[in-house]
Structure formats: C-alpha cells, structure tokens
Amino acid sequence: MNIITLQIILLAFAIFMGYSLFLHWKKKDISNNLFLFWIFIFLVFVFIAIFPKILEPLLKELFIVRVMDLGMIGTFMILTYITIENNIKIKNLEIKIEKLVRKISVKKVKIKK
Amino acid sequence: MKIFIIVPVYNEEKRAVETVNKILKTDKNLNVIVIDDGSIDNSLTILKNNFRNNSRVIISSHVINLGKGAAMKTGFKIAWKLGGEALIFVDADGQHNPKYLPRFIEELQKYPIVFGYRELNKNAPWIRRNGNKFAGWLIGVLFNVKRKDLLCGFLGFRKEVYKKIKWESCRYGIETEMATKVGRNKIPFSEVKIDTIYIDKYKGVTIFDALKILFKIPFWYFNK
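Source: prediction; values computed, not measured.

Basis of the calculations
Here the residue index of a chain counts from 1 through its sequence in written order. Chain labels run from A onward and ligand labels from 1 onward, assigned in the order the entries are written. The predicted nature of this model means local features are confined to residues of pLDDT at least 70 and side-chain atom pairs, given and counted, to a pLDDT of 80 or more, with totals for whole chains, interfaces and linings taken over all residues. As a rule here, side-chain values come from all non-hydrogen atoms in the structure, and water together with hydrogens is ignored. We call Phe, Tyr and Trp rings a pair once their centres come within 6.5 Å, taking the six-membered ring for Trp, and we label the pair stacked below 30 degrees between planes, edge-to-face above 60, and tilted otherwise. Strands are runs of DSSP state E lasting at least 2 residues, helices are runs of H or I lasting at least 4, and numbering of each runs from the N terminus. For the exposure calls, accessible area comes from a 1.4 Å probe over protein chains only, and a residue counts as buried if that area is under 20% of its type's maximum, exposed if over 50%, partly exposed in between. Here, a charge over a ring means that NZ of Lys or CZ of Arg falls within 6 Å of the ring centre while also lying within 35 degrees of the ring normal. The pLDDT value tells you how sure the predictor is about a given residue, anywhere from 0 up to 100. We call two residues in contact when some of their heavy atoms are within 4.5 Å. Note: buried area is the sum, over both parts, of the accessible area (probe 1.4 Å) each one loses when the two are combined. One side-chain nitrogen of Lys or Arg within 4 Å of one carboxyl oxygen of Asp or Glu is enough to make a salt bridge. Residues belong to one nonpolar core when they are buried, are Ala, Val, Leu, Ile, Met, Phe, Trp, Tyr or Cys, and are joined through side-chain atoms within 4.5 Å. To obtain an axis, a line is fitted to C-alpha atoms, over the contacting stretch when the element is a helix, and the angle between two such axes runs from 0 to 180 degrees between their N-to-C directions. Throughout, the term roughly parallel applies to angles under 35 degrees, roughly antiparallel to angles over 145, roughly perpendicular to angles from 65 to 115, and oblique to all others. The crossing is said to be left-handed when, going from far helix to near helix, the turn is anticlockwise and less than a right angle, and right-handed when the turn is clockwise. Polar here means any residue other than Ala, Val, Leu, Ile, Met, Phe, Trp, Tyr, Cys and Pro, which are nonpolar, and Asp, Glu, Lys and Arg, which are charged; Gly is therefore polar.

**Q** Would you mind going over the packing of aromatic side chains with me for this structure?
**A** Geometrically, a pair of aromatic rings is defined through the distance of the ring centres and the angle of the planes. Residues and elements named next belong to chain B. This structure, assessed with the given rule, holds 21 aromatic pairs over all chains. Seen in terms of ring centroids, phenylalanine 143 and tyrosine 221 are 5.8 Å apart; in terms of plane orientation they differ by 75°. Their pairing is edge-to-face. One end of the pair, phenylalanine 143, is in helix α5 (residues 126–143); the other, tyrosine 221, is in helix α8 (residues 207–222), and 78 residues separate them in sequence. Using a relative accessible area of 4% as the deciding quantity, one classes phenylalanine 143 as buried. Members of the aromatic cluster, each reached through a chain of ring pairs, are Phe76, Trp80, Phe89, Phe157, Tyr162 and Trp167. Note that arginine 147 overlies the ring of phenylalanine 115, its terminal NZ or CZ placed 3.7 Å from the centroid.

**Q** Honestly, the confidence of the model for chain A in this entry has me stumped. Any pointers?
**A** Parts of the prediction with low pLDDT should not have their coordinates interpreted in detail. On average, residues of chain A score 91 in pLDDT, and 96% of them reach the 70 mark or higher. Confidence, expressed as mean pLDDT per element, reaches its minimum in chain A at helix α3 (residues 56–62) of chain A with 89 and its maximum at helix α2 (residues 32–50) of chain A with 94.

**Q** Explanation requested: the interface of chain B and chain A in the structure shown.
**A** How large an interface is tends to be reported as the accessible area lost when its parts come together. Opposite the 20 residues of chain B that make contact, chain A presents 10 residues. Around 1400 Å² of area is buried between chain B and chain A when both sides are counted, 63% of it from carbon and sulfur atoms. In terms of surface lost to chain A, no three residues of chain B exceed B:Val63, B:Leu66 and B:Lys81, which account for 25% of the buried area on that side. Taken together, chain B and chain A are joined by zero salt bridges. Going through the elements one at a time, β3 (57–61) and α3 (68–81) of chain B are the ones with two or more residues in the side of chain B that touches chain A. Looking at the side of chain B that touches chain A, the element that brings in the most residues is α3(B), giving six residues.

**Q** Explain the nonpolar core to me, please; I cannot follow it from the model alone.
**A** Among soluble globular proteins, nonpolar side chains are generally buried collectively. Residues and elements named next belong to chain B. One finds Ile33, Phe157, Trp167 and Met178 to be the most contacted residues of the largest nonpolar core, which totals 38 residues. Sorting elements by how many residues they give to this core places α3 first, with six residues. In contact with tryptophan 167, not counting residues within four places along its chain, are Gly69, Met72, Lys73, Phe76, Phe89, Phe157, Tyr162, Ile174, Glu177, Met178 and Lys181. In terms of nonpolar packing, the next biggest core, distinct from the first, is built from 30 residues, Leu30, Val57, Phe104 and Phe154 among them.

**Q** I tried to follow the confidence of the model for chain B on my own but got confused; where do I start?
**A** With 95% of its residues at a pLDDT of at least 70, chain B reaches an overall mean of 89. Within chain B, the element-level pLDDT minimum falls on α8(B), averaging 83, and the maximum on strand β6 (residues 155–158) of chain B, averaging 96.

**Q** Where do I start with the pattern of salt bridges in this structure?
**A** It is possible for side chains of opposite charge to pair when their charged atoms get near one another. Residues and elements named next belong to chain A. Enumeration over the complete set of coordinates arrives at 16 salt bridges over all chains. In this structure, the salt-bridge partner of glutamate 98 is arginine 102, at a minimum N-O distance of 2.7 Å. Of the two residues, glutamate 98 and arginine 102 are both situated in helix α4 (residues 67–108); the distance of four residues between them amounts to about one turn of the helix. Across this residue pair, the class does not change: glutamate 98 and arginine 102 are buried.

**Q** Teacher, can you tell me more about the packing of α4(A) against α3(B) here?
**A** Relative placement of two packed helices is described by the angle separating their axes and the distance separating the axes. For the pair α4(A) and α3(B), the least separation of the axes is 10 Å and the interaxial angle reads 40°. As summarised for this structure, α4(A) and α3(B) are arranged oblique, according to the angle between their axes. Seen along the crossing, α4(A) lies across α3(B) with a hand that is right-handed. On α3(B), the residues that touch A:Glu98, A:Arg102, A:Ser105 and A:Val106 of α4(A) are B:Ala70, B:Lys73, B:Thr74, B:Lys77, B:Ile78 and B:Lys81. The class makeup of the residues in the contact of α4(A) with α3(B) is three nonpolar, two polar and five charged.

**Q** When you look at unusual backbone geometry in this model, what are you seeing that I'm missing?
**A** In most cases, non-glycine residues show a negative phi, while peptide bonds are predominantly trans. Even without being glycine, A:Phe63 reaches a positive phi, approximately 55°. Relative to the assigned elements, A:Phe63 resides in the loop between α3 and α4. The phi angle at B:Asn11 is positive, at roughly 50°, despite the residue not being glycine. For B:Asn11, the location among the structural elements is in the loop between β1 (3–9) and α1 (16–26).

**Q** So what exactly am I meant to see when it comes to the environment of B:Pro98 here?
**A** Residue and element names in this part refer to chain B. Structurally, the position occupied by proline 98 is in the loop between β4 (86–89) and α4 (101–110). Look at proline 98 and you get buried, because its relative accessible area is 4%. Here the alpha-carbon distance between proline 98 and glycine 69, two residues 29 residues apart in the chain, equals 20 Å.

The following block contains the structure:
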C-alpha cells in the first residue's frame, strides 16, 4: 500500500464521518455548534491526510520519524481521553438511573393491614 | 429489634415462593421484603399472587434490572422506611437455608454485622472454591479482615453500621466490597456456618464477575 492509497482511505473515512455527522445534524441529534466543531476537526484531518509534509517541523521537534507514528500517538491520546470521559458519564448515568428506579420502587410499597 | 428479611429476586419463578414460605415458617415475627429486580420471567406475578393477602410479605420491584447489589439497597431503604432496625439478606434461589435465620438473629444481638460462611469443601466447584480462597486471602492482606467465605451473600447487619458499609456495587461484588469496608472501619463481626448448596451452575458469580471484582479491589483500596 503506497501513500496515495492510504490517503484515499483516509479521505473516504473523513467523507463517511462527515456524512454521518450531517445526518445526525439533520435529525437534530447534535447542535449546530457541535456539528461545526466536528466538521472542522475532519477538515483538519483531511488537510493533514492530503499534505502530511506540513507536520515535518513538528516531527523533528518531537524526534518522531514518521507522520504515521505521530498519528498513532495522537489517536491513542484522543481515544484515552474519550474513553475516560465516556466512562465517567456512563457511571453518572448509571447512578442516576439506579436512584430513579429505587425511588419508584420505594414509592410503590403499600403496607398491608 | 425489628428485623426484616430481604430477598432480592431475579428470574426465580420456580424457587422464590418456596424460599419466602420457608423464611416465614422459621419465625412468626419475621417480615419479608421481596425485591424483584426487573425479572423477565413471571417471578413478580407469581410472588404477588401468592402473597397478596399476607401482611408479613412486602413486594416491590425495579422497573429494569439493576443487579443484586442495587436490589439489596432498595430492600434496605424500604426496611428503614418501615422502621426496621436490622436486616438479613437471603438469596431467592434456595442457596441459603432459612433454618439458620434464628442463629443470625441471635448473633445480630451481639454484633453489628453477621456473615454466613460455607465450608468450601470438595462439593464446591474447583474454580469457585479456589477463587474464593484467593480473594479471601487478598482482601485479608489488603484490608486486614479475615473472612471464611468472602462471597457468601447470606448476611445481616444492624441499621447503625450502614453508613460505614454503604456499598456502591450494583451487581455481584457487593459482598467483597462490604468485607473491605468492614476491615477498613474495624467493625466487629460474627460468622455463622451455613449449608453449601449449589443450585445452578450458570447462575451466581461467574468467572467474568470474579474478574470484575478483582479489578475493583485496587479502586476500593485507594478510595478511602
């Protein structure tokens, strides 16, 4: 696989993600601001995929040999952040659901005579 | 002392009624709180039909399944609401023989918390026996608490200790979490020997639950 093939795959991925975001925006699943934020992120992604050489000064600064390595490091950092955020949010949601379910359950109790 | 017996139920349409009846027979002063934890079988309907006119049985339910730990917490909330001073948890599947309830009640007069323990002999599945032993040893070392059977869910406590042992585990792991809090807060406890009954191979704590509990131990250790 040469660099052009990889670039095509990355572009296809960005277009797919952009389309998915567009559908969610149309269905009002995400706000205008959030939609614009993600579109901006994917435009940056597309730009870097087409012109990877613009990262070379940064690579030299960080002693990283390939753009791909930088991409991997960045990806892991972002994924770790998202995982922790999601984990906290899910935990909080679980606690809220548990409290709500318990409230309903305790309320339902009728004392028989 | 007003004591409630809490029976968390999840998909136990065949055994729950029998378990509750056995509990009622052990002592005429005992009241039972049954918490159906969002069963997808007919447990709730069957329980309601059987105990509709029985004033000693209170039935409530979760609209969705939350897990045993959550059902136990709901049970205790209801017990306190009804003026309970102590409670004992009994599994609905028949693993816990209610004939030991008088012993638990006796011990609860002397100790704020009472755990059941099973003799982990060769009748118990190998993985459960050794997993339990290992977890017991690990909790003992980390939290300075010696328990004969860490995973036994037949236990009871008095109202005043709840704040110290308040658990966060919704699913399995509640017994282990409770043991860590007992150790950390140096709460005196007693242990009552009970029968070793394994009803269903595929119910109860699985190897995956055990691994999840294992991963939670560092969290409990550092979460002071």
